[in-house]
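# Tertiary structure, described
Read off the chains here:
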Amino acid sequence: MNIDSGKSLIFPKIDKLPSFKPKLRLGVLASGKGSNFEAIVKSTLDKKLDANIQCLIVNKKNCGAIEKAKHYKIPFHYLDHSSFKYREDLDNEIIRLLQIYDVEGIVMAGWMRIVSSVLINKYPERIINIHPSLLPSFKGKDALTQALDHGVTITGCTVHIVKEEVDAGPILIQSAIPIHKKDNENSLLKKIQEEEHKILSTGIALAAIKWRNIAKDNK
Ligand code: GRF
């Protein structure tokens, strides 16, 4: 295995994702252009990820994710985070919506708000996030700048379970790519996002296997 040729190195590599009966019921949180949201939707439509996207919640009024939700006819809700006094109030509203849609797992697909213990404890081990670095390196908002500034020669992306400490939960899947001398933030973002779109569904499925086993054990 090598990534010399400019290709990525993804681990774990899973060729076929498991089926889930009944289908997974996912809620997605997004703040940006929604390319990861779209990647999840496409992978359900292509029958790779055995899931229904029950709803999208966004906190940016004109974000691209809304257009994608309209295009794929997925219910969406805009929550203006500035209208909530405390982080916990926003999280309680998110929980209220997710319960209406009977969501069993949450995907933070470019959700640029820190969530509180209120949401995390309501959905323990059931919230996953995608981050544009090989965690635990380069946590936080400016992961690509950090990677370029440090001069690392390899970076990538990570899908992980969300814990209270930001970008610190258990890792589900990662993809590594080389950084070339000519790379800048734009070229790197493009390459990392391509990898994000490849690994996100697998990360969801890996987390969901655990959710379903926990649910079975509790019966
Ligand atoms: C992704 O690069 C993700 O890693 C980061 O935010 C970006 C969202 O992009 N947390 P998009 O909105 O999914 O296109």
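See above for the structure.
Presented here is a report on the structure given in the accompanying data block. (Residues numbered from 1 in each chain as written. Predicted model: local features only at pLDDT ≥ 70, side-chain atom pairs only at ≥ 80, totals over all residues. Heavy atoms only, no water.)

### Regarding the layout of surface pockets
Considering only enclosed or pocket space, the largest pocket measures out at about 850 Å³ in volume. Lining the largest pocket are 35 residues, and of these G110, W111, M112, I130 and P132 sit closest to its centre. Among the secondary structure elements, those contributing two or more residues to the lining of the largest pocket are α1 (35-45), β6 (127-131), α5 (143-150) and α6 (185-217). Per-element tally for the lining of the largest pocket: the top contributor is α6, with 4 residues. Estimates place the volume of the second largest pocket at around 500 Å³. In terms of lining, the second largest pocket is formed by 25 residues, of which the most central are L17, K48, K198, S201 and T202. Contributing elements (two or more residues each) for the lining of the second largest pocket: α1 and α6. Counting residues per element, the lining of the second largest pocket draws most heavily on α6, which supplies 5 residues. Here the lining of the second largest pocket is built from residues that sort into 9 nonpolar, 6 polar and 10 charged. (1 Å grid on protein atoms, 1.4 Å probe; cavity = no way out; pocket = protein on both sides within 12 Å on 5 of 7 lines; lining within 4 Å. Points joined across faces, edges and corners; volume = space filled by probe spheres on them. Helix = DSSP H or I, 4+ residues; strand = E, 2+ residues; numbered from the N terminus. Nonpolar A, V, L, I, M, F, W, Y, C, P; charged D, E, K, R; others polar.)

### What to know about the sheet that holds strand β3 (residues 51-58)
Pairing within the open sheet is mixed, and its 8 strands lie in the order β1-β8-β7-β6-β5-β2-β3-β4. On the outer flanks of this sheet lie β1 (9-11) and β4 (76-78), each paired with one strand and no other. The mean angle between the axes of side-by-side strands here comes to 15°, regardless of whether they run parallel or antiparallel. Sheet topology places β1 next to strand β8 (residues 171-178); 3 bridges connect them, and they run antiparallel. The residue of β8 that forms the bridge with F11 is Q174. (Pairing = 2+ DSSP bridges. Axes fitted to C-alpha atoms, helices over the stretch in contact; angles between N-to-C directions.)

### Some remarks on the site of the ligand
As a matter of local geometry, the ligand sits amid G32, K33, G34, S35, N36, G110, I130, H131, P132, Q193 and E196. At 3.1 Å, a backbone N or O of K33 approaches an oxygen atom of the ligand. Take I130: an N or O atom from its main chain is 3.4 Å from a nitrogen atom of the ligand. A majority-of-atoms criterion places the ligand in the largest pocket. Only α1, β6 and α6 provide two or more residues apiece to the shell around the ligand. For the shell around the ligand, the per-class residue count stands at 2 nonpolar, 7 polar and 2 charged. (Near = heavy atom within 4 Å. Polar contact = N/O pair within 3.5 Å; in protein donor to acceptor, adjacent residues only side chain to side chain. Sits in = over half its atoms within 2 Å of the grid points.)

### Thoughts on the pattern of salt bridges
Following the criterion strictly, the structure yields 12 salt bridges and no others. Here K139 makes a salt bridge to E165, at a shortest N to O gap of 3.7 Å. Linking K139 in the loop between β6 and α5 with E165 in the loop between β7 (154-161) and β8, this pair joins segments that are 26 residues apart in sequence. By sharing partners, the salt bridges in this structure join R25, D102, E104 and R212 into a single network. (Salt bridge = Lys/Arg side-chain N within 4 Å of Asp/Glu carboxyl O.)

### Points about the side chain of S116
Note on placement: S116 falls in the loop between β5 (105-108) and α4 (117-122). Here S116 is in contact with R87, E88 and D91, once residues within four sequence places are set aside. (Contact = heavy atoms within 4.5 Å.)

### Quick look at α1
Of all 11 residues that make up α1, 9 are buried, and the element is covered over most of its length. Taken together, the buried positions of α1 are occupied by S35, N36, F37, E38, A39, I40, V41, S43 and T44. Remark: K47 follows α1 within two positions and exhibits a positive phi of approximately 60°. (Buried < 20%, exposed > 50% of the residue type's maximum accessible area, 1.4 Å probe, protein only.)

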